[in-house]
Amino acid sequence: MTHISQSLLDAARTRAAAPDFTRTFDDPVEGEGPLSGLNVAVKDLFDVRGQVAHAGSLVRKGIAPAAKDAVAVSRLRNAGAGLIGHANMTEFAYSGLGLNPHYGTPLTPLREGCIAGGSTSGGASAVARGVADIALGTDTGGSARIPAAFCGLFGFKATAQTISREGAVPLSHSLDSVGVLTRDVGLLRPVLNVLRDRPLSPSATPRAVIVPENFGMDDLDAEVADAFEAALDALQASGVSVRRQTLDFFDDYRALPVWHFSAVESRAHHGAHFDTARETLDPRVASRMARADGVSAINFARTIAAREALIARAARLFSDTPVALPSVAIMPPKLDDLRDDATYDRINLLALRNTSLANVIDGCSVSMPIASHPGAGLMLTAAAGRDAMLLNMAETLQGAP
């Protein structure tokens, strides 16, 4: 098996190319396990021994190569997976669109000239093109699920505390979590079981989902709206009831300044680069980091407290009944349409709107492709620790029609 796995890895590395990858590795497959014969595109913020994790930036080029693998990378390697290389990403993972002025911008293979989505952009494109079987990514506000939708993949955002982020360059320690992207829903469970601190426990499949009437359903592209209704029909055909509800929770959620977390905490983690090399950073990333200057300590403390209250409410509301939403309100936009900063800002916020819910409530979430509308996704989001429940639903549906 090791020889076969190595041959597959060598072939994948031969096909790996920019802008999906910033570099390929040269170390061999090690051992055998449940992921033998499968290859991984590693987001360029996870430490890989002997390599520098640039996190999509030029300012980290001078740091020393990693002495050891990130925990998630080590677990994949020990399970027999082959590591193709570091996959491209938005600088510091600070965007939902995946543009990178330093290393290029990965595109989705589904639509000519359209972006793969971000920030796990290179990994998503590589999996969608069949170069990689698995993309190891992160998800701070949708960074695994947005590109999953745009590239026709399954994207899973795990409950943050279930998979170690040790050895991964942070963006927002409050919202960061590990994400996984695959073409095949059947791969999610074995990959998550390898990555998790404890294997997934048995769980019942929910009998109902909540479709909010006061969040996430406005400003939809017509194609996204049609795709979502088709996906809901598939849910109902599988025996799941659809509850369209207006909940006070979503009004309170919308009032939360979610941007505080990434703005303030990115400066905590990358402030030295911001202070000394701001002109080297992606201007769009730097401008978001700069917003932290307008957040007082008192206001940030209030935002943290408001989030904690939402987490507690979500645990009561969404533990057994997930929220169903379009993964992204829009279809994959063309790269050329994002040249203007005002357009970029508007599209970025719209792309992140629905996915950010899971990160704020410290929950889990899965985006499933809608085959009849390539580039659109059905997203299910639940409270913390309900990962197995969502995975059951994804496996039952195996993507919407």
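In the block above lies the structure referred to throughout.
Just so you know, the residues in each chain are numbered from 1, in the order the chain's sequence is written. The model is predicted, so local features are restricted to residues of pLDDT at least 70 and side-chain atom pairs to those at 80 or more, both for listing and for counting; the totals for chains, interfaces and linings are taken over all residues. To get the side-chain values, take all heavy atoms of the structure and skip hydrogens and water.

With that settled, the discussion passes to the side chain of Thr 182. Working definition: helices are DSSP H or I runs of at least four residues, strands are E runs of at least two. Numbering for both runs from the N terminus. Inspection of the secondary structure puts Thr 182 in strand S6 (residues 178-182). Judged by relative accessible area, Thr 182 falls into the buried class, the value being 0%. A distance of 2.9 Å separates a polar atom in the side chain of Thr 182 from the backbone oxygen of Asp 184. Working rule for contacts: check all heavy atoms of both residues, and any pair within 4.5 Å makes them a contact. Residue contacts for Thr 182: discarding those within four places in its chain leaves Val 127, Asp 133, Ile 134, Leu 153, Phe 154, Leu 187 and Leu 188. To sort residues, take the accessible area from a 1.4 Å probe on protein chains only and compare it with the maximum for the residue type: under 20% means buried, over 50% means exposed, and anything in between is partly exposed. Any pair of nitrogen or oxygen atoms within 3.5 Å is treated as a polar contact; in protein, a donor-acceptor pairing is required on top of that, and neighbouring residues in sequence qualify only through side-chain atoms on both sides.

Here is the rule: rings of Phe, Tyr and Trp (six-membered ring for Trp) pair when centre to centre is within 6.5 Å. Planes less than 30 degrees apart are stacked, more than 60 are edge-to-face, and the remainder are tilted. Following the criterion strictly, the structure yields six aromatic pairs and no others. Their ring planes at 85 degrees and their centres at 5.3 Å tell us that Phe 215 and Tyr 253 sit as a pair that is edge-to-face. Taken together, the positions of Phe 215 in the loop between strand S7 (208-212) and helix H6 (222-237) and Tyr 253 in helix H7 (residues 248-254) put the pair 38 residues apart, joining distant regions of the chain. Comparing Phe 215 with Tyr 253 shows no difference in burial state: the two are buried. Relative to Phe 300, the ring of Phe 261 lies with its centre 5.8 Å away and its plane at 65 degrees, an arrangement referred to as edge-to-face. Taken together, the residues Phe 261 in helix H8 (residues 259-277) and Phe 300 in helix H10 (residues 297-317) connect sequence positions 39 residues apart.

The next thing to look at is the side chain of Ser 125. Relative to the helices and strands, Ser 125 resides in helix H3 (residues 121-128). Classification of Ser 125 as buried rests on a relative accessible area of 0%. Within the local environment of Ser 125, its side chain forms a polar contact with the backbone oxygen of Leu 107, the two atoms lying 3.2 Å apart. Once residues within four sequence positions are removed from consideration, Ser 125 is found in contact with Asp 20, Pro 106, Leu 107, Ala 116 and Cys 151.

With that out of the way, let us pick up the environment of Asn 39. Mapped onto the elements of the fold, Asn 39 is located in strand S2 (residues 39-43). Separated by 132 residues in the primary sequence, Asn 39 and Leu 171 place their C-alpha atoms 26 Å from one another. In this view, Asn 39 contacts Leu 8, Leu 9, Ala 12, Gly 82, Ile 84, Ala 132, Asp 133 and Ile 134; residues no more than four positions away in its chain are not counted.

Turning to the pattern of salt bridges, a few remarks are in order. Pairing between side chains becomes possible if they bear opposite charge and their charged atoms approach one another. Here, a salt bridge means any side-chain nitrogen of Lys or Arg that lies within 4 Å of a carboxyl oxygen of Asp or Glu. Throughout the structure, instances matching the rule amount to 23 salt bridges. Between Asp 20 and Arg 129 there is a salt bridge, and its shortest N-O distance comes to 3.5 Å. Of this pair, Asp 20 sits in the loop between helix H1 (2-15) and strand S1 (21-24) while Arg 129 sits in the loop between H3 and strand S4 (134-138); the two residues are 109 residues apart in sequence, bridging distant segments of the chain. With a relative accessible area of 38%, Arg 129 lands in the partly exposed category. A salt bridge links Asp 218 to Arg 353; its shortest N-O distance comes to 3.0 Å.

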